[in-house]
Amino acid sequence: MRLLPPIIMPKSAVPIFTPLSGIQLASQARVPLAPQASYAHENNAANDSAKSDQAFSSVRYPTLTSAPLTKAQSDVLAVELNEIYATVMDSLGSDDAKYIQRVYATVVYSEVIARGLLAAAGRMPSKRRLLGTWLLGTSLLSFSKILNNMELGHNVMHGQYDWMQHPHLNSQKFDWDIVCPAPLWQHSHNYLHHTFTNIVGRDHDVGYHLIRVTDEQLWVPEDRYNLLSTAGLALGFEWAVAFHDIQISADEYADSPDLHNIIQQKSRALFAKIGRQVGKDYIALPVIAAMALGRRSALGTLSGNITANTVRNLWTWAVIFCGHFTEQAHIYTHLDADETKGDWYVRQILGSSNIKGSKWFHILTGNLSHQIEHHIFPDMPARHYAKIAPQVQALCLKYGLTYNTGSFGTQLRQVIGRIHHFSKPSVQERQEYEKSIANADNTVRHNTQTEIQAEGGLSRFLPPVVQKAISYAWG
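A quick note: this is a predicted structure, and the numbers were derived from the prediction, not measured. (Residues numbered from 1 in each chain as written. Predicted model: local features only at pLDDT ≥ 70, side-chain atom pairs only at ≥ 80, totals over all residues. Heavy atoms only, no water.)

*Asks:* Now, about the nonpolar core: what can you tell me, with residues and values included?
*Replies:* Core analysis: the largest hydrophobic core is formed by 59 residues, its most contacted members being Ile100, Leu152, Phe237, Phe243 and Phe321. Looking at this core, the element that brings in the most residues is helix H10 (residues 295–322), giving seven residues. Membership of the second largest hydrophobic core comes to 32 residues, among which are Leu81, Tyr345, Leu350 and Met380. (Core = buried A, V, L, I, M, F, W, Y, C linked by side-chain atoms within 4.5 Å. Buried < 20%, exposed > 50% of the residue type's maximum accessible area, 1.4 Å probe, protein only. Helix = DSSP H or I, 4+ residues; strand = E, 2+ residues; numbered from the N terminus.)

Structure representation (structure tokens):
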């Protein structure tokens, strides 16, 4: 189930390039060039590169139909980026091993202390002390779960520390503290998302089958509730991630004779993981607290677990969406059949967004605040992203590529703005929708809602993908 094929390697390297102008860059996008970009006709190469970046960055929600750099240019870019990668990877050693082991220890000890505080809160003599202890325990547990999910789990399961040959801190054995099994996430994320980043129809993380974030997705009436759907997605993000690969695999293997066996295996693994997580956080630990310390301790443990999981979900959603769906996150319409490693690098850079912050902020994001660096070097230990970020940004300026970065507040506002923008159809988009429903053979993005007919009972209230997983798991 761990489908992790290698990324396409570059075909060639040409040691010369000519920077593209703002006009040339904008001509590749399916949006008009902003009026203020007209000055990009300057002949000076250095000024032209800088101005083209400024001009192209003024375009909101850009969609590219082809690569913005020539093969020669992207190949040279690949050589320079590969040098950065090799320098870091050759330097890995005991400091990196000690770092990830300290992170692991922090996750374990903070969780133990947090759960002790939650249980002890029920024995506090006053409501004020009870509340204070509960808040401290819940905050510490939220911190532990975020660190487990982001800096530890995400990065270890990307193979960033496989070189250590550690018995537990490796991509094949580590599993994190959420309801999604590692193999399902690695298929949908490590393989599909990182290989086909921001290509509509190939990268299923573009909207997560739920949110419209580009005009390349056909508008349907449900998109009017984009913001409400996003709120639900954020609150239950681990659940969306868990069932995400079920829907993806149903689409990817739709024509395969092994479809049933593949989805059945994944669905059973998913429900087994859900059972373990739900059983631990919402049954076993509260029951243990009740037996040891009484009813109030059980309620404090249960409510603390629910709150910490929700906080972790909201934080993870915010970091992920700020890294992929800001105003300048580029969407692609198709995959270049002759895509080189350099072309892939360019697509990763333009499809990602960084977030500025302090050292602790970066750690709590799993260094996904350096989303650009992560997307070009997903198996590089994330603690090195901050160090190489200035070099990557300099290369983007050199090649006239947008290096999108901003404060957390700025990026989050842009994400919400994008989601709101694409919830409203243009006159043409509304007409296209009306034509699509008039044609019985025309399928739309939300057709999964009609794929499965509820069999009655409580199952009819479940999302279609959940119904599908249940039917395959026990069908």
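Let us keep going from here.
*Asks:* Could you give an account of the side chain of serine 74, naming the residues involved and the relevant values?
*Replies:* Relative to the assigned elements, serine 74 resides in helix H3 (residues 71–91). At 2.8 Å, the side chain of serine 74 forms a polar contact with the side chain of aspartate 343. Setting aside chain neighbours within four positions, we find serine 74 in contact with Leu69, Thr340, Gly342, Asp343 and Val346. (Polar contact = N/O pair within 3.5 Å; in protein donor to acceptor, adjacent residues only side chain to side chain. Contact = heavy atoms within 4.5 Å.)

*Asks:* Mind laying out unusual backbone geometry, listing which residues take part and the relevant values?
*Replies:* With a phi close to 65°, asparagine 198 is a non-glycine residue in the positive phi region. For asparagine 198, the position within the fold is in the loop between helix H6 (182–195) and helix H7 (226–235). On the basis of relative accessible area, asparagine 198 is assigned to the buried category, the value being 1%. The phi dihedral of tyrosine 208 is positive, around 55°, even though this residue is not glycine. Residue position: tyrosine 208 is located in the loop between H6 and H7. In this structure tyrosine 208 comes out as buried when scored by relative accessible area, which is 12%.

*Asks:* An account of the packing of H3 against helix H11 (residues 341–350) is needed here, citing residue identities and associated values.
*Replies:* Two elements in contact, H3 and H11, have axes separated by 7 Å at closest approach and are oriented at 80°. Relative to H11, the element H3 is oriented roughly perpendicular. Taking contact as the criterion, the partners of Lys71, Ser74, Leu77, Ala78, Leu81 and Asn82 in H3 are, on H11, Lys341, Gly342, Asp343, Tyr345, Val346 and Ile349. When the residues that make up the contact of H3 with H11 are grouped by side-chain class, the tally is six nonpolar, three polar and three charged. (Axes fitted to C-alpha atoms, helices over the stretch in contact; angles between N-to-C directions. Parallel < 35°, antiparallel > 145°, perpendicular 65-115°, else oblique. Nonpolar A, V, L, I, M, F, W, Y, C, P; charged D, E, K, R; others polar.)

*Asks:* Any chance you could break down the packing of aromatic side chains for me, citing the residues and the numbers?
*Replies:* Counted under the stated rule, the structure contains 17 aromatic pairs. Between phenylalanine 143 and tryptophan 360, the ring centres sit 6.4 Å apart and the planes meet at 55°, which makes this aromatic pair tilted. Within this pair, whereas phenylalanine 143 is found in helix H5 (residues 127–156), its partner tryptophan 360 is found in helix H12 (residues 359–364), the two being separated by 217 residues in sequence. Look at phenylalanine 143 and you get partly exposed, because its relative accessible area is 23%. Centre to centre, the rings of tryptophan 315 and phenylalanine 361 are 5.8 Å apart; their planes meet at 85°, and the pair counts as edge-to-face. Separated by 46 residues along the polypeptide, tryptophan 315 in helix H10 and phenylalanine 361 in helix H12 bring together distant segments of the chain. In this structure tryptophan 315 comes out as buried when scored by relative accessible area, which is 19%. Judged by relative accessible area, which is 15%, phenylalanine 361 ranks as buried. By way of ring pairs, the aromatic residues Tyr208, Phe237, Trp317, Phe321 and Phe325 are connected into one cluster. (Phe/Tyr/Trp six-rings, centres within 6.5 Å; stacked < 30°, edge-to-face > 60°.)

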